[in-house]
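# Chain and residue survey
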Amino acid sequence: MIYMKKYILLLLSVFIGLPLVAQVKVSILGDSYSTFEGCIPEGNEPWYGENIGNDVKNVEDTWWRQLIDDNGLTLELNNSWSGATICNTGYRGEDYTNRSFLTRSKNLGDNPDLIFVFGGTNDSWAGSPLGDKDGNDMYTVRPATKAMFQNIKSTYPDALCVAIINTELNGDVENAIVEACELENIPYVKLDSIDKQFGHPSINGMKQISKQVWKTTAPLLYSHLRKSTKE
């Protein structure tokens, strides 16, 4: 019954242009691009806030807040951490197990309907080792990315998970994310031409991300909720 209501509301959003009421719950697993001070779990490191050089000064300007507000969704949990890598190897070869996407992938709220995974930027910038997709070394990108998606699917089996792939990534890291998405049947959005300041999305860049992500996600969510009503 709950999924039927969400499905009907999504039909109104997609085909009539009406926003969804706050019933579809969204969680985010991210890095600095998805942070904002005061909006992430205590102990996680933010990048965006009032006192940075970037022109994004208000949470309403972030890509995720725009996407949620513009489409009548509701936030379940934003578990983002600035500087975090997908795998457990961070900058200077340091152990990032405490903050990695892999570690946080089972902590995305109680029961989200939609999960966005927006990572890989720091694996690219830090030069984290790629590893073997069939291996089990979680200090390397390929097996860690695959395991991260497996964690999400097993912990939140009813949720739609969508990966967001940044522009200007190291080609090997981008390929590793796409590879894991295809292996685990995770749909993904490859961002295009995002405006940035200091390597991070500007206000305009945040708008571009929100629009590009929702353009791909809306029909996927419609299909997902429709399928859920039949089960």
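Now for a look at the structure at hand.

With 6 of 6 residues buried, strand 4 (residues 160-165) lies mostly within the body of the structure. On strand 4, burial covers both faces: L160, V162 and I164 on one face and C161, A163 and I165 on the other are all buried. Pairing of strand 3 (residues 114-118) with strand 4 involves 5 bridges; the strand directions are parallel. Directly across from V117, in strand 4, lies its bridge partner A163. Pairing of strand 4 with strand 5 (residues 188-190), which is carried by 3 bridges, proceeds in the parallel orientation. Looking across to strand 5, one finds that A163 is bridged to Y188.

Here we come to unusual backbone geometry. Of note in the backbone geometry, E168 takes a positive phi value of approximately 65° without being a glycine. Along the polypeptide, E168 turns up in the loop between strand 4 and helix 6 (171-184). With a phi angle near 60°, N185 is a residue other than glycine that sits in the positive phi range. Looking at the element boundaries, N185 is found in the loop between helix 6 and strand 5. Classification of N185 by relative accessible area gives exposed; the value is 67%.

Moving on, we come to the packing of aromatic side chains. For the coordinates displayed, the defined rule picks out 5 aromatic pairs. Their ring planes at 55° and their centres at 6.4 Å tell us that Y91 and Y96 sit as a pair that is tilted. In terms of burial, Y91 and Y96 fall into one category: buried. Among the aromatic residues, those joined into a ring-pair cluster are Y33, W63, F116 and F118. The ring of Y96 carries the charged tip of R99 above its face, separated from the ring centre by 4.3 Å. Positioned over the ring face of F101 is R104, at 4.8 Å from the centre of the ring.

Moving on to the sheet that holds strand 5. Reading across from one edge, 2-1-3-4-5 is the order of the 5 strands in this open sheet, with parallel pairing throughout. In this open sheet, the two strands that pair with only one neighbour each are strand 2 (74-80) and strand 5. Here the strands of the sheet are splayed against their neighbours by 15° on average, with no regard to which way each runs. Where strand 1 (residues 25-30) and strand 2 come together, 6 bridges link them in parallel fashion.

Okay, the layout of surface pockets next. If you add up the space inside the largest pocket, you get close to 250 Å³. What lines the largest pocket is a set of 15 residues, among which A159, L160, C161, N185 and H224 lie closest to the centre. Breaking the lining of the largest pocket down by element, the ones donating at least two residues are helix 5 (141-155), strand 4 and helix 7 (203-230). The greatest single-element share of the lining of the largest pocket, amounting to 4 residues, is contributed by helix 7. Considering only residue class, the lining of the largest pocket consists of 9 nonpolar, 3 polar and 3 charged.

Looking now at the pattern of salt bridges. Under the counting rule described, the total for this entry stands at 7 salt bridges. With a closest N to O distance of 3.1 Å, E168 and K196 form a salt bridge. In this pair, E168 sits in the loop between strand 4 and helix 6 while K196 sits in strand 6 (residues 196-197), placing the two residues 28 residues apart along the sequence. We classify E168 as exposed; its relative accessible area is 65%. E174 is paired through a salt bridge with K190; the nearest N and O atoms lie 3.0 Å apart. Taken together, the residues span a long stretch of sequence, with E174 in helix 6 and K190 in strand 5 at a distance of 16 residues. Among the residues examined, K190 registers a relative accessible area of 45% and is labelled partly exposed.

Each value, and the rule that gives it
Residues numbered from 1 in each chain as written. Predicted model: local features only at pLDDT ≥ 70, side-chain atom pairs only at ≥ 80, totals over all residues. Heavy atoms only, no water. Buried < 20%, exposed > 50% of the residue type's maximum accessible area, 1.4 Å probe, protein only. Helix = DSSP H or I, 4+ residues; strand = E, 2+ residues; numbered from the N terminus. Pairing = 2+ DSSP bridges. Phe/Tyr/Trp six-rings, centres within 6.5 Å; stacked < 30°, edge-to-face > 60°. Lys NZ or Arg CZ within 6 Å of the ring centre and 35° of its normal. Axes fitted to C-alpha atoms, helices over the stretch in contact; angles between N-to-C directions. 1 Å grid on protein atoms, 1.4 Å probe; cavity = no way out; pocket = protein on both sides within 12 Å on 5 of 7 lines; lining within 4 Å. Points joined across faces, edges and corners; volume = space filled by probe spheres on them. Nonpolar A, V, L, I, M, F, W, Y, C, P; charged D, E, K, R; others polar. Salt bridge = Lys/Arg side-chain N within 4 Å of Asp/Glu carboxyl O.

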